[in-house]
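Coordinate analysis (summary)
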Amino acid sequence: MTVLGYVAPRPKKWPLRRLAGLAILAALLVFALLPLVIGGPDPLKQTLRLALKGPSAADWFGYDHLGRSMYARLTAAFRLSLGLAGVAVVTAIVPGVLLGVLAAWRGGVIDRIVSTVSEAFLALPGLLLVLMLAAIVPDQPIMLYVGISLVLWVEYFRITRALARPLLASPAIEASRLLGFGPLYIIRRHLWPEIAPILLTVGAHGAATAIMAVAALGFVSVGVRPPTPELGAMMTELLPYYEEAPHALLQPIAATFLMVLALQLIAGKDKP
Amino acid sequence: MIKAIFNRLLQAVLVALLVGLLTFVMARSLPGDLAYRIAAGRYGYDLVGSAAAAKVSAELDLGQSALAALGRWFMDLVRLDLGTSLVTGAPVIDEISHHLGHTIKLSAAAILLSLLIGPPLGIFAGLRPGGVLDRGLLLVSTALRALPQFVVGLILIIVFGLMLQLLPTAGHDRGGHLILPALTLALGLAAVSNRVARDAMLSVSRSPYYTFGRTKGLSGWQVFLRHGLRNVAVPIVTYLGIQFVYLVEGVVVVETLFAWPGIGHALVHAIFGRDVPVIQGTALVMGLMFVALNALVDALCHLTDPRRAA
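Rules of the game
- Residues numbered from 1 in each chain as written.
- Chains lettered and ligands numbered in written order.
- Predicted model: local features only at pLDDT ≥ 70, side-chain atom pairs only at ≥ 80, totals over all residues.
- Heavy atoms only, no water.
- UniProt positions renumbered as here; feature names shortened; annotations may be inferred.
- Contact = heavy atoms within 4.5 Å.
- Salt bridge = Lys/Arg side-chain N within 4 Å of Asp/Glu carboxyl O.
- Polar contact = N/O pair within 3.5 Å; in protein donor to acceptor, adjacent residues only side chain to side chain.
- Helix = DSSP H or I, 4+ residues; strand = E, 2+ residues; numbered from the N terminus.
- Nonpolar A, V, L, I, M, F, W, Y, C, P; charged D, E, K, R; others polar.
- 1 Å grid on protein atoms, 1.4 Å probe; cavity = no way out; pocket = protein on both sides within 12 Å on 5 of 7 lines; lining within 4 Å.
- Points joined across faces, edges and corners; volume = space filled by probe spheres on them.

- As named in an unreviewed UniProt entry, chain B is ABC transporter permease, taken from Sinorhizobium numidicum.
- In its Sequence similarities (unreviewed entry) section, the UniProt record describing chain B reads: "Belongs to the binding-protein-dependent transport system permease family."

- For chain A, the name recorded in an unreviewed UniProt entry is ABC transporter permease, with Sinorhizobium numidicum as its organism.
- Quoted straight from UniProt, the Subcellular location (unreviewed entry) entry for chain A says "Cell membrane".

Shown next, in the form of structure tokens:
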């Protein structure tokens, strides 16, 4: 085996499933962001004579029990869920990867401390943690986001640490060190290319988890409070009208389903 | 094995510490006056006055310093005393043991039901990869996994409870009440376990020892019982452990949805009532339950796979 063969990058795989997931996600994003560009009805404005009005040619999405535009509420709820999930995943990646590299690099006491802390977070079911944090400061989406980040970082930490350990002991990195390259170069040149593709998979899973958690908390009325449009809370509000206005109840359900499905398609295989 | 037990014990202690710290921060940063909120929880929002709040405050010693309160909670915990509920005044441990019984009943039913649904279907699918059952299962389990549990529960309620009027949708006193919440949890668990069983069956049936079993003249059923079942069971049991997260989290939401008087329902209610000792106790018990379930799976793996015993 030549030295070149040793470092040869794996061929990039973009299976159809992943492309389909990306396409759905892109479509949802366009749908959610469109009202910001072209304007649209206010998600909080009530027009009671339109209450529970079904979809029509003019309003494809109909109105809810208070006569609020379902289109406006749905797009706003999409923005909230996707935004929270996106920010939570990104803020979980940064400390997760940094701590993972640090633990693998320095080992010893630092490794043990960080690993123990991550164990503690792992031993607590994620939703419980988010629920408790959401209870600390209710009515604040920021607490939901902090809670979700606190749950998600552990995964990045564990994966980065596991990947970085053998890499740091590899001949390639030894050579880099002997040549006098600093830590930043080694991270960028050797570690990042190995870690980055896995981040996409884990990140998509994490985003799906975040969306489900936000919806579940909204559903049990602990998360975002009404009248803020949120998918889980919308389902709770619209459940009593399932017979008169099934379209209204189905919309947040379909929205959650599509988002999570898209992210799972992107993530592909189950969690490593 | 001893190392595994030690690790789980360490995890249990860490859970206690983390829960204690979190709930402590929570109790101290609650918006609004704690005494007023607790008084509201006790006597109803209309009957709260400064007199009631003062009474509550004096009774519960709410004026003490933050650090003292945290220290006291941990000291009590060591003595296995979880304190008393701020709302009902009953010992937290009594309330929790009452709820825990219902939760264990629901969880056990859900696990059993999911084992009856998931692995058998997965094994049949794995015996004929690419067949109608295999593709159908893939479709259904992908769809189920993309729906949050409470949505699955909602759909079950609407279909079986409201449209067909077959099953009760809330409550707990009759046997039928268990079916829908247990089914909701079981479907979520089975959505994953059938895929695991399917992949395991596929790899086992393609293995040399399985082929040899067929070659030496065993029937399909015999070779499955002798060479297949145990090997398929190993990844399923391992996966059960990962699924417990799903179960413990699901219990919170599903119990609330079906008004099942378990620990998840109690937790959500305690959060509404700002009943801090109950929140602390419930979160602690749920965390410990989770650690215990994982330890149980470790032991089960150990028993199913003799190769690991070394």
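**A closer look at the interface of chain A and chain B**
- Between chain A and chain B, the contact holds 37 residues from the first and 40 residues from the second.
- Taken together, the links from chain A to chain B amount to zero salt bridges.
- For the pair chain A and chain B, the number of links is one residue pair in polar contact (both at pLDDT 80 or more).
- Looking at the side of chain A that touches chain B, the elements that each hand over two or more residues are helix 4 (108-122), helix 5 (126-136), helix 8 (183-219), helix 9 (231-238) and helix 10 (246-267) of chain A.
- Here the element with the most residues in the side of chain A that touches chain B is helix 5 of chain A; it accounts for nine residues.
- Counted by class, the side of chain A that touches chain B contains 29 nonpolar, six polar and two charged residues.

**Things to note about empty space enclosed by the protein**
Residue and element names in this part refer to chain B.
- For the coordinates displayed, the defined rule picks out two cavities of 30 Å³ or more.
- The space that makes up the largest cavity amounts to roughly 40 Å³.
- If you go around the largest cavity, the residues you meet are S114, L115, L189, S193, I236, L240 and Q243.
- Secondary structure elements with two or more residues in the lining of the largest cavity: helix 5 (92-127), helix 8 (179-205) and helix 10 (220-258).
- For the lining of the largest cavity, the leading source of residues is helix 10, giving three residues.
- Its residues assigned to classes, the lining of the largest cavity comprises four nonpolar, three polar and no charged.

**Let's talk about the UniProt feature "transmembrane region" (unreviewed entry) in chain A**
All names here are of chain A.
- Feature annotation in UniProt assigns "transmembrane region" (unreviewed entry) to the following positions: residues 80-105, 117-136, 142-159, 198-224 and 248-267.
- Secondary structure within residues 142-159 divides into 100% helix and 0% strand; the distance between the first and last C-alpha atoms comes to 26 Å.
- Helix makes up 100% of residues 248-267 and strand makes up 0%, while its end C-alpha atoms are separated by 30 Å.

**Structural notes on the environment of A123(A)**
- In this fold, A123(A) is placed in the loop between helix 4 and helix 5.
- Among all residues touching A123(A), those that are not within four sequence positions of it are Q11(B), V15(B), G287(B), F290(B) and V291(B).

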